[in-house]
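Remarks on the overall topology
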Amino acid sequence: MRKILSLFAVLASIVVLAACSSDRVLVVGLEAAYAPFNWSTPTKTEFTHELDGQPGVYVDGFDVQMAKEIAKQLDRRLVIKAIDWEGLIPALNSNQIDLIIAGMSPTEERKENVAFSEEYYRSEVVMVVHAQSDYLDATKLSDFSGVRAVAQTGTIYDDLIDQIPSVIHQESLATYSALATAVTSRSADVLVAELPVAQSLVALNNQLRMVRLTDGGFDTLEEDVTVAIALRKSDTTLLDEVNAVLATISIETRNAWMASALERQDA
Amino acid sequence: MILTSISDIISKYHSFFTRGLLYTILLAVLGTAGGFLLALPFLGIKTTKIDPIRDSKVSIFIKKVGIGFTNVYTTFFRGTPMMVQAMIFYYGMSLVIHNVTGNNYWWKPIIAGIIVIIINTSAYIIEILRGAVNAIDPGQMEAARSLGFSRKKALYLIIYPQAIKNALPSIGNEFIVNLKDSSVLSVIGIFDLFKATGSVVSTTADSVTPYIITAILYLTLTSITALLVKKLESKRHGGEMKNV
Amino acid sequence: MSNVILNIVNVRKSFGDHHVLKDINLEVHKSEVVTLIGSSGSGKTTLLRCLNLLNEPDSGHIYFFENDLMNPKTDLDKLRMSIGMVFQNFNLFNNKNVIDNCTLALIKLKGMNKEAAEEKAMHYLAKVGMANFAQANVARLSGGQKQRVAIARALCMEPEIMLFDEPTSALDPEMVGEVLEVIQALAKEGMTMVIVTHEMAFAKEVSDKILFMENGIILESGRPEEIFNRPKNERTRLFLKRFTQN
């Protein structure tokens, strides 16, 4: 009798384990400080997801919607971790996370260390200036000759700064809050960033204005104006799966998600 | 594997590390030397004696204000993180200078950083020197006063020189602290060793090896200083007490 | 009287609740050597330190010539240049060598130039037998040597009166003699002095007047022969008995 019971117990646990393993986890890393792509909030809504290891803190944003859709289609349990911008690729390569969905551009440099999916959003490089600055009506790069320009550490925007004629290229800063302070305190004249992020900064701070370079902007590569999802080079299966999901999300959907994220972030 | 990356990274990015190292050393040297000089007048104020019989009412009032101000100064600058002081000062002054003069282009992070580290260090050195002055045998002051030296002359000729000499090892330690703490000034955009390392990390996507190199660099700097401080101490005291 | 150098009138001093001096009156005349004796706590050291206002009395007057040291308007620093003091623990300046200890006040307070100051310093160092140690580091001196330098330092200011606060109490027995000799020589030359000491034989030998203090008052005062041989007060006798016991 005892032998039959223990055999039954073993079989049952095997079945349970098999069932559990189909409940696979997908760990996504993002900065949680890059609105409207990703930001943190204390309020739980249908758009948010809880932040791993931080009870009471949720993340929202375009990247979060993307992460949720991918996890849903791949039938995996979504876990989102907040990691500093510079720590994202190291975290990916040391297997702490499986995907980076953080408004990251697929540059040649980064491709040396990670693999990228197809683009999941296409953007534009713009300038953020002080509401009382002389640059509100500027339309081209040469209008910004001689400015003090700044961007986030380790981003393509920091590299683009040198295209501004006679620019004073200030040391990069680590976070967008620091960058916004640099402009509002008039210690920098221009912050170079991408459109949705600029829109979100301007919406939150009435001392800032966005300027689009309609008449002659930065010389950029494709990779500079798109964002893609980063994966470990060895994860070829996952790469195919992610690209398959992205193919199902139309440009209209993407733009709608971004607009909706901008709106929510304004609240 | 780690060793090849270390030499690899050093050969490719040595200019980053060198630049960062220079800024770190600059901040520590100016901060400690400037902090010491700035501390001296405050020390003079803090060691003032109020003579209720002989001082005039005006003079007593001025002395009390001076002592009060010095206490607020040391409490504030020792009681708040240097990072916070740097942010308030750099960004705050940036706005003020722009609004008042219209041109704040000359107001660079390194200027604000040097000022902040000098003021911050001075607050600590004031307390170090005050302790050193109090530790001087009261007999020194009594002998000086009985010869006819005023309290002020006695302090400057006899007490302060001895106190400063006694405080040198502690001030050397402040320098070591500054070598490391200068890294918080990177938050306002100063290219110190810590920020330099960050740049190497973002360029190489290797977040461990550059920091190992930096740790070795900081350790080298602090060890050299610690050795010099030790030499200074033994020169004055002639050896440790452990042999007694 | 024109030869009264120090006139102490109704001086009282308390430290908190403790009345250390309870109404002291005393005159010190030119070339007089006055010695204060008594057990610890009698107030003798406090009284001595009041004479140059190192301790500040609560009430009373301390006249140095015609100047009342208790008057807030008096320039104390200036007057102290004429009152020399020698401490039990020597109090030589640790950041100066022997000769600089002596010349510092001459140069900074009396405005002498270095050569003149050093000449004077060497004169007084020779007088106390420390001329060979002029360049020495004070830390290397023995107690007796330090005290002799301290005496020379005070003498350099050529004061009108010298105060000695237990000058040999901190010395090893073999060094007491060399210091007492110096003080005795000064007395012979006519220096006005007030001394606090436990060296009874010395007190008897050098003093013109001895004051016995107890509990903050001067119990008895008189010439050495009177005090030592024919004390009037019982307590004086009891105190002295301890010293003649050996």
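Treat the numbers as computed from the prediction; the structure is a model and nothing was measured.

Further remarks concern a negative patch on the surface. Residues and elements named next belong to chain A. On the surface, a cluster of negative charge is contributed by Glu109, Glu112, Asp159 and Asp162. In this structure, Asp162 sits in the loop between α5 (156-160) and β11 (168-169). By relative accessible area, which is 52% here, Asp162 ends up exposed.

The next subject is the sheet that holds strand β9 (residues 209-214) of chain C. Residue and element names in this part refer to chain C. The sheet built from 6 strands is open, its strands ordered β6-β7-β8-β3-β9-β10 with mixed pairing. Lying at the two open borders of the sheet, with one neighbouring strand each, are β6 (83-86) and β10 (217-222). Each strand of the sheet is rotated relative to its neighbour by a mean of 20°, with strand direction disregarded. Across 5 bridges, the pairing between β9 and β10 is antiparallel. Pairing of Met213 across the sheet is with Ile218, part of β10. Taken strand by strand, helix α5 (residues 143-156) contacts β6 and β7 (161-165), and its axis lies near 170° from that of β6.

Core analysis: the largest hydrophobic core is formed by 103 residues, its most contacted members being Ile70, Leu99, Tyr120, Met127, Phe144 and Ile164 of chain A. Every residue in contact with Ile164 of chain A, bar those within four places of it in the chain, is listed here: Met127, Leu141, Phe144, Val147, Ala149, Val192 and Phe218 of chain A. Among the nonpolar cores identified, the runner-up in size contains 102 residues, and Ile126 and Ala132 of chain B together with Leu125 and Val206 of chain C belong to it.

The next point concerns the pattern of salt bridges. Overall, the coordinates contain 26 salt bridges over all chains when judged by the stated rule. The salt bridge involving Arg130 of chain B is made with Glu127 of chain B; its shortest N-O contact spans 3.0 Å. Of this pair, Arg130 of chain B and Glu127 of chain B both sit in helix α4 (residues 109-134), 3 residues apart, roughly one helical turn. One network of salt bridges, in which partners are shared, links Asp98, Arg232 and Asp235 of chain A.

What follows covers the environment of Ile210 of chain C. Residues and elements named next belong to chain C. With respect to the helices, strands and loops of the structure, Ile210 is situated in strand β9. When its relative accessible area of 0% is taken as the criterion, Ile210 is described as buried. Taking the C-alpha atoms as reference points, Ile210 and Ile227, separated by 17 residues in sequence, lie 7.1 Å from one another. What Ile210 contacts, discounting residues up to four positions off in sequence, is Thr35, Ile37, Ala203, Glu220, Ser221, Gly222, Pro224, Ile227 and Phe228.

Rules used throughout
- Residues numbered from 1 in each chain as written.
- Chains lettered and ligands numbered in written order.
- Predicted model: local features only at pLDDT ≥ 70, side-chain atom pairs only at ≥ 80, totals over all residues.
- Heavy atoms only, no water.
- Patch = residues over 30% accessible without salt bridge, like charges linked within 9 Å, V, L, I, M, F, W, Y side chains within 5 Å.
- Areas by Shrake-Rupley, 256 points an atom, 1.4 Å probe, with all protein chains shown as cover.
- Salt bridge = Lys/Arg side-chain N within 4 Å of Asp/Glu carboxyl O.
- Lys, Arg positive; Asp, Glu negative; His and termini not counted.
- Charge placed at Lys NZ, Arg CZ, Asp CG, Glu CD.
- Helix = DSSP H or I, 4+ residues; strand = E, 2+ residues; numbered from the N terminus.
- Buried < 20%, exposed > 50% of the residue type's maximum accessible area, 1.4 Å probe, protein only.
- Pairing = 2+ DSSP bridges.
- Axes fitted to C-alpha atoms, helices over the stretch in contact; angles between N-to-C directions.
- Contact = heavy atoms within 4.5 Å.
- Core = buried A, V, L, I, M, F, W, Y, C linked by side-chain atoms within 4.5 Å.

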